[in-house]
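Structure at a glance
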Amino acid sequence: MADERRKRVLDAVNHRQPDRIPLDFGSAQCTGIHCSVVEQLRDYYGLEKRPVKAFDPFQMLGWIEEDLMDAMDIDTAMVMPVSSIFGNRLDEWKEWQTHWGQKILIPKTMELDQVEDGGYVAYPQGDRAVPPSAKMPSNGYFFDVIERQQPYDEDNPDPKDNAADFSELSDETVKKIAENAKAARATGRAVMFTLPGGSLSSPSGFYGIGHKKPLGMRRLADWYMAFVAYPEFVQSVFDIQSIIAVKNLEKVYKVAGGDIDLIMLCTGDYGTQLNTFFSVDTYKEVFYPYHNRMCDWIHNNTPWKVFKHCCGSIEPLIGPMADAGIDILNPVQCSAANMDPAHLKKTYGSRLAFWGGGVDTQKTLPFGTPEEVRQEVLERCRIFSPAGGFVFNTIHNAQAKTPLENFIAMVNAVKEFNSRAGA
């Protein structure tokens, strides 16, 4: 069974018809489940009661342990990150009670303070001597970024300031990655590894959430305006970043190559609900060369498939991203403009595998009925599954307060479709 799971995913991403649609939850920090829902799922399946690890405390994603993987019939596994976005190592834990009353485990070195309005702030690397980098509102279920903009020369921004976020992985970190990859491989599932620093234009890249005093452009508006106002500056940042990323890819492949199947290279979002953030020409000029540099190294030196997360209405950018070497698109936001699933499958299905798109997490999953969830899942499976090229996942992470009955209806609908298909 275990080896079948890995083969099922690899068949799908290689555009071969798998024995059934593979199911992913938790292979990446954009395909996960909120820690509160993970706890409910453990109760539903009658698993041992224990605090859920919030391995991604920024988004409050819960670690999906192997007993829950088995219960849900999940076909994928994540290489546990070495550290969180806040810069806290993920090898020691402590208990913390959330404002919604759940006892969870957070990184031991993570430091949180409750503020006057009842919310919580978190400090980069657990250092209270510097300003906090994120806040969870008193009625929220994850953290929001606190922008920490230092003065910079607006006439001549220095790319080294933003590029300082990226560095070669230490021998200790590479060793820990290898250990974590081996643990993921031991599950018999297809293994996803997220490369630290591989993402071009992701929040962790421009906000510097885990850095004590981030320099350079750190306001979201400034960063995206830079694509037009300072394209050479952005290109210089991406050039430095992608050179370091290739060096880190070499290091990881040397010690853990055989234990990894898929690599999550980039989490940058390039679209809103209605349109792209920038033009196709901007993508080709500013992003393409650096995506292509990293993808070419991966394809020329490894059997890994490249996974790209990109939310929003991004249809015009899908072809150019495939040209750059992206193999897998996530989350496939069918709820955004011009992202009709049938059109995406017909137009790009032979070039890219779709990982996600299985159900809308903005409306249907949190607010629909179980039957509405079932019908949407069955329809998405019908559209995306022919000739492989589809791994089932929600459109981005399953959020807090998702009704348990809807989540179970989703999982059961995938099983129903696979049963109908004779899998």
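Residues numbered from 1 in each chain as written. Predicted model: local features only at pLDDT ≥ 70, side-chain atom pairs only at ≥ 80, totals over all residues. Heavy atoms only, no water.

Opposite charge on two side chains permits pairing when their charged atoms draw close. Within this structure, the stated rule accounts for 36 salt bridges. Its salt-bridge partner being aspartate 75, residue arginine 5 comes within 3.3 Å of it at the nearest N-O pair. Placement of arginine 5 in helix α1 (residues 2-13) and of aspartate 75 in the loop between α3 (66-72) and β2 (76-78) is noted, with a sequence separation of 70 residues between them. Here aspartate 75 falls in the buried class, since its relative accessible area comes to 1%. Linking arginine 374 and glutamate 416 is a salt bridge whose minimum nitrogen-to-oxygen distance equals 2.8 Å. Within this pair, whereas arginine 374 is found in helix α13 (residues 370-384), its partner glutamate 416 is found in helix α14 (residues 404-420), the two being separated by 42 residues in sequence. With a relative accessible area of 23%, arginine 374 lands in the partly exposed category. On the basis of relative accessible area, glutamate 416 is assigned to the partly exposed category, the value being 22%. Three or more residues joined by partner-sharing salt bridges are found here, namely Arg5, Arg8, Asp19, Arg20, Asp73 and Asp75. (Salt bridge = Lys/Arg side-chain N within 4 Å of Asp/Glu carboxyl O. Helix = DSSP H or I, 4+ residues; strand = E, 2+ residues; numbered from the N terminus. Buried < 20%, exposed > 50% of the residue type's maximum accessible area, 1.4 Å probe, protein only.)

The next subject is the packing of aromatic side chains. For the structure shown, the criterion picks out 30 aromatic pairs. Between tryptophan 100 and tyrosine 141 the ring centres are 5.0 Å apart and the planes differ by 35 degrees, which places this aromatic pair in the tilted class. With tryptophan 100 in the loop between β3 (93-97) and β4 (103-107) and tyrosine 141 in the loop between β7 (134-136) and β8 (144-145), this residue pair connects regions lying 41 residues apart in the sequence. According to the relative accessible area criterion, tryptophan 100 is partly exposed, its value standing at 21%. Using a relative accessible area of 23% as the deciding quantity, one classes tyrosine 141 as partly exposed. Each ring, one from tyrosine 270 and one from phenylalanine 278, has its centre 5.3 Å from the other, and the planes form 50 degrees; the classification is tilted. (Phe/Tyr/Trp six-rings, centres within 6.5 Å; stacked < 30°, edge-to-face > 60°.)

Turning to the nonpolar core, a few remarks are in order. Formed by 112 residues in total, the largest nonpolar core has its most connected members in Ile33, Phe143, Tyr270, Phe407 and Met410. With 9 residues, the top contributor of residues to this core is helix α8 (residues 231-256). When neighbours within four sequence positions are excluded, phenylalanine 407 is seen to be in contact with Phe25, Ile33, Val37, Leu41, Met72, Leu365, Ala398 and Thr402. Core analysis: the next-biggest nonpolar cluster, separate from the first, contains 15 residues, Cys30, Phe307, Ile328 and Trp355 among them. (Core = buried A, V, L, I, M, F, W, Y, C linked by side-chain atoms within 4.5 Å. Contact = heavy atoms within 4.5 Å.)

The subject of this paragraph is the sheet that holds β8. The 4 strands are arranged β5-β6-β7-β8 in an open sheet whose pairing can be described as antiparallel. Single-partner strands in this sheet number two, and they are β5 (112-114) and β8. As judged from the 2 bridges shared by β7 and β8, these two strands associate in the antiparallel manner. From the neighbouring strand, lysine 135 faces β8, where its bridge partner is aspartate 144. (Pairing = 2+ DSSP bridges.)

Here we come to the pairing of strand β9 (residues 190-194). With respect to burial, β9 is a largely interior element, 4 of its 5 residues being buried. Where β2 meets β9, 3 bridges bridge the pair, whose relative direction is parallel. Pairing of threonine 76 across the sheet is with alanine 190, part of β9. For β9 and strand β10 (residues 262-266), the ladder comprises 3 bridges, and the chain directions are parallel. Within β10, the position partnered with methionine 192 by the bridge is leucine 262.

With that settled, consider the packing of helix α10 (residues 315-324) against helix α11 (residues 341-348). Their axes nearest at 12 Å, the elements α10 and α11 cross at an angle of 25 degrees. By the angle between their directions, the pair α10 and α11 is classed as roughly parallel. Crossing hand, α10 versus α11: right-handed. In this structure, α10 uses Glu315, Ile318 and Gly319 to contact α11, whose residues at the interface are His343, Leu344 and Tyr348. Residue composition of the contact of α10 with α11, grouped by class: 3 nonpolar, 2 polar and 1 charged. (Axes fitted to C-alpha atoms, helices over the stretch in contact; angles between N-to-C directions. Parallel < 35°, antiparallel > 145°, perpendicular 65-115°, else oblique. Left-handed = near helix turned anticlockwise from the far one by under 90°. Nonpolar A, V, L, I, M, F, W, Y, C, P; charged D, E, K, R; others polar.)

The values are spatial; any link to function lies outside them.
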